[in-house]
Structures are given as C-alpha cells and as structure tokens.
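As a plain string of letters, each chain reads:
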Amino acid sequence: MAEQTRRLVLGGATAGVVTRCRDFTRRALSDWAWAPGSDAEEDALLLVSELVTNACLHAGGPRELVLRYGPGGLLRVEVTDDNPEPPRPRAAQDRTRPGGHGLVLLNHLAQTWGSAPLGGVRPGKTVWLELPAPLPEP
C-alpha cells in the first residue's frame, strides 16, 4: 500500500479546533478501514485531542494537522505549531494543578512519538506520534 496523506490547515485557530481535528481524523480512519468505536480508533482520537490541546494551551493554536497512513499499517499524526519549544513534562511543583497528562498518555498509548523544529524562516515545531493499525477482525 502506498502512503496516504490527509492535511487539515488550521492557521493557529483555537475555538472548536479539537472537535474539528477529531472529526477529521475519524473520517480518515474510517476511509482507511479502522473499525469505528474500536480501541485503536479511540486511542488515535484521544492522542489527536491531546496534541491539538497542547498546541492550543502552549503554542497559540495548531497550524496544521497531518495524518499519514502507510506501508506496514502505521498511522503517523503530526501537529505543527508556532512555538519552537519541544514538549516537556510538567515540573513536579506544577502537578497540583489539573491537567498535564498529555505526555503520559503519549508515552503509554503511542508506539513512538517526538518533536522536530520547523526548518526555514518560521519558528515552531511539529509534534508527531505513530500508532499501529488495528489487527483485522477474524
């Protein structure tokens, strides 16, 4: 199978962007034959929500969501924003506030994840994660 790519340009929006990205991802996964309501789909949607929420909270909003589905059944999710700082766990003294579990979820649910600075004249980064496709149902 050749890689298939879906791109959603968001331009730094924050209002309603998490729902918009989840809906976009749900449609792509359906097109790629991921079972609706499966654990694999729910994990992918949760992680998209976490990446987009972090871009809203810490980077002024996501610029773009890219989904890549390719050989070997690997889903790659990429969220680009304008903040060049890589994601980092919340400091111990900040853990008394609600939230701050996005990176814990990434570590637990994603096969792998990371971030890369944007090249060129615009500051920013892309935070990415990879998930295996669900196994076909017997």
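These notes cover the structure that comes with them. (Residues numbered from 1 in each chain as written. Predicted model: local features only at pLDDT ≥ 70, side-chain atom pairs only at ≥ 80, totals over all residues. Heavy atoms only, no water.)

### Brief notes about the packing of aromatic side chains
Here's step 1: As enumerated under the stated definition, the model contains two aromatic pairs in all.
Here's step 2: Taken together, a centroid distance of 6.1 Å and an interplanar angle of 70 degrees make the contact between Trp-34 and Tyr-69 edge-to-face. Here Trp-34 is found in the loop between helix 1 (17–31) and helix 2 (39–59), whereas its partner Tyr-69 is found in strand 2 (residues 62–70), with 35 residues between them in sequence. We note that Trp-34, like Tyr-69, is buried.
Here's step 3: Every member of this aromatic cluster is reached through a ring pair, and the members are Trp-32, Trp-34 and Tyr-69. (Phe/Tyr/Trp six-rings, centres within 6.5 Å; stacked < 30°, edge-to-face > 60°. Helix = DSSP H or I, 4+ residues; strand = E, 2+ residues; numbered from the N terminus. Buried < 20%, exposed > 50% of the residue type's maximum accessible area, 1.4 Å probe, protein only.)

### Points about the pattern of salt bridges
Here's step 1: One pass over the structure, following the stated rule, counts ten salt bridges.
Here's step 2: We note a salt bridge from Arg-26 to Asp-23, for which the minimum N-O separation is 3.4 Å. Placement of the pair is Arg-26 and Asp-23 together in helix 1, with a separation of three residues, close to one helical turn.
Here's step 3: With a relative accessible area of 32%, Arg-26 lands in the partly exposed category.
Here's step 4: Notably, a salt bridge pairs Arg-76 with Glu-130, separated by 3.0 Å at the nearest N-O pair. In this pair, Arg-76 sits in strand 3 (residues 74–81) while Glu-130 sits in strand 5 (residues 125–132), placing the two residues 54 residues apart along the sequence.
Here's step 5: A cluster of three or more residues bridged by salt bridges with shared partners is formed by Glu-3, Arg-68, Arg-76, Glu-78 and Glu-130. (Salt bridge = Lys/Arg side-chain N within 4 Å of Asp/Glu carboxyl O.)

### Observations regarding helix 2
Here's step 1: Look at helix 2: 29 Å from first C-alpha to last across 21 residues, which is about the 30 Å you get at 1.5 Å a residue.
Here's step 2: Lining the buried residues of helix 2 we find helix 1, strand 2, strand 3, helix 3 (102–109) and strand 5.
Here's step 3: In the segment just after helix 2, Gly-60 is the residue with positive phi, at about 80 degrees. (Expected span 1.5 Å × (residues − 1). Contact = heavy atoms within 4.5 Å.)

Nothing here speaks to function; it is geometry throughout.
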